[in-house]
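Examination of the molecular architecture
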Amino acid sequence: MDFSNLDKNQKIQIIDQSTVSTTSNIQSGMDYQGIEWETIMPGLGRKFYRRQRHLRLKPLQSTSKTFPRKEKLPNNSLYNFSKYYRQLPMFIAHFQLRHNLACVSKYDFIHAKPSGFYKFSTLDYSVKNYEYPEEFIPICLSYANGYAVSGGIRGELAIYDLQEEKVRHFGKATDNDQYLNCTKIYNDEGQLKLITGANDWCVRIYSMKYLTEPLFCQKMGAPVNNCSVSPTNMSIIAVCGDQKEIEILDVRTNKVALKLYGHEDDNFASDWHPNGVFLATGSQDLTCRVWDIRKPLEEYHTLQSEIASVSNVKFVAGGQFLVFSEGVDYLSIYDFQKECEVYQRVNAFGDVTGMDVDPEDNGTLFFGMRLKDYEGVFEYSLGKRSTKKLLEESFL
């Protein structure tokens, strides 16, 4: 990964459907990442390499337990391939946590890099570099309300105001310089707040007006990898950590109100459905699990990953779909309105750096792939039939 050319006419190769459909690229076996399989592996190709990669990665899996597969839909059934932005530099600081990409709008996203992040525009393909005054290594990156927020490996909390084009805050935010693994801004009855989770086992909540001291700090049962606030009750927080159970924290009582049992390994990701009833979680046990918070004794759905830990989960399009990405190669899109009985799977090659959808209508999906010589970011767009269905239901 080379970040030295950022802001200096970084050469980005744009790959779309027309690129891979030329006669020469069809003959070379080019895929959406620009990998010419018949050139680099003549007579064997992409499917052969995929099988070999599965065999190589299988011994590294933390569990051999599997769950029944759902009905797999054809490619581009729910979200359609739009473009691949090859040669955008990708960065990962943590071998398990992959929250390094965040959408700013339908047309641009930010991605973590050493000591800062960069913003990429899909309109003019420009790259803009942002750096903090002090060197640090970011573990996570999020965006909301004009702010880019990063957590660092020495407990740094870094906030950049993209509207004012200046650093809003930079300082330590954990005990003993422990990893700051998770940062998310949310709106609580008109007040902007920031929630963080860290390796010092603490969940902290700050007012964006006063970032020196947290409004709330609660020690959990293990190092905290991810936390998410319920959209219908801002006092309820789902906490994922280095333990099997998911903890549901009630800020009003400073207590864990509920524990969800089912995962068989550490947990890395969570997201609430817009109705506040369903919670999705991602784990090292190779599953994404959905919970009905009203019936917490067992999972509502258990969705099997392909080969790796589930590192990102997100309800999109008003809760119509559930998207999750794995640590390597795969992203899955489940039709949640059809009880997750059907899904679309996107398969590529590389370490997934992060995943997000645009904050406007979730019509654009971005996810990054780190692979030597072929790294970059995928852009997928919500299919026309899915968009029409979503619009029709919005008027019911």
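Above this text is the structure in question.
Residues numbered from 1 in each chain as written. Predicted model: local features only at pLDDT ≥ 70, side-chain atom pairs only at ≥ 80, totals over all residues. Heavy atoms only, no water.

1. Let's talk about the side chain of Gln 304
Operational definition: Helix numbers and strand numbers start at the N terminus; a helix is a DSSP run of H or I with at least 4 residues, a strand a run of E with at least 2. We call two residues in contact when some of their heavy atoms are within 4.5 Å.
On the secondary structure map, Gln 304 appears in strand β23 (residues 301-304). If we ignore the near neighbours within four places in the chain, the residues touching Gln 304 are Lys 65, Thr 66, Phe 67, Arg 69, Leu 286, Thr 287, Phe 324, Tyr 334 and Arg 345.

2. Looking at helix α4 (residues 45-57)
Keep this limit in mind: Working rule for helices: expected span equals 1.5 Å times residues minus one. In this scheme, a residue with accessible area under 20% of its type's maximum is buried, one over 50% is exposed, and one in between is partly exposed, where area comes from a 1.4 Å probe on protein chains only. What the arc covers is the set of directions going from the helix axis to the C-beta atoms.
Taking 1.5 Å as the rise per residue, α4 with 13 residues should run 18 Å; its terminal C-alpha atoms sit 19 Å apart, in good agreement. For α4, the full list of buried residues reads Gly 45, Arg 50, Arg 53 and Leu 57. Seen from one end, α4 has its buried residues packed into an arc of 145°, which puts them on one side. Exposed side chains of α4 directed beyond 90 degrees from the buried face belong to Lys 47, Arg 51 and Leu 55.

3. Concerning the layout of surface pockets
As a reminder of what qualifies: Buriedness of a pocket was judged along seven lines, with at least five required to meet protein on both sides within 12 Å; pockets are open sets of points on a 1 Å grid over the protein atoms alone, cavities are sets where a 1.4 Å probe fits but cannot get out, and lining residues have an atom within 4 Å of a point. Grid points are joined across faces, edges and corners, and a volume is the space filled by probe spheres set on the points. Residues are grouped as follows: Ala, Val, Leu, Ile, Met, Phe, Trp, Tyr, Cys and Pro are nonpolar; Asp, Glu, Lys and Arg are charged; all remaining types, including Gly, are polar.
A volume near 1200 Å³ is recorded for the largest pocket. If you trace the largest pocket, you find 44 residues lining it, with Tyr 143, Lys 184, Ile 185, Asp 271 and Lys 314 closest to the centre. Breaking the lining of the largest pocket down by element, the ones donating at least two residues are β4 (101-103), β8 (138-144), β12 (180-188), β16 (224-229), β20 (267-272), β24 (310-316) and β27 (342-357). Per element, the largest residue contribution to the lining of the largest pocket is seven residues, and it comes from β12. Looking at the lining of the largest pocket residue by residue, the class counts come to 25 nonpolar, 13 polar and six charged.

4. Describing unusual backbone geometry
One non-glycine residue, Gln 87, lies in the positive phi region at around 85°. Along the chain, the position of Gln 87 falls in the loop between β3 (79-86) and β4. In this structure, Asn 362 takes a positive phi of about 60° despite not being glycine. Note that Asn 362 resides in the loop between β27 and β28 (364-370). You can call Asn 362 buried: its relative accessible area is 15%.

5. Description of the sheet that holds strand β7 (residues 127-131)
As a reminder of what qualifies: When DSSP locates at least two bridges between a pair of strands, those strands are taken to pair. Orientation is described by axes fitted as lines to C-alpha atoms, over the contacting stretch for helices, and by angles from 0 to 180 degrees between their N-to-C directions.
What the four strands build is an open sheet, ordered β4-β5-β6-β7; its pairing is antiparallel. The sheet terminates laterally at β4 and β7, the two strands that pair on one side only. Between one strand and the next, the sheet's axes are offset by a mean angle of 20°, whatever the strand orientation. Strand direction decides the pairing type here: β4 and strand β5 (residues 108-113), joined by three bridges, are antiparallel. Note that in β5 the partner of Cys 103 across the bridge is Phe 109.

6. So, the sheet that holds strand β18 (residues 246-250)
On the basis of which strands lie adjacent, the open sheet formed by four strands has the order β16-β17-β18-β19 and antiparallel pairing. Across the chains shown, the open sheet's two edge strands, defined by having one partner strand only, are β16 and β19 (255-260). The mean inter-strand angle of the sheet, taken between neighbouring strand axes irrespective of direction, is 25°.

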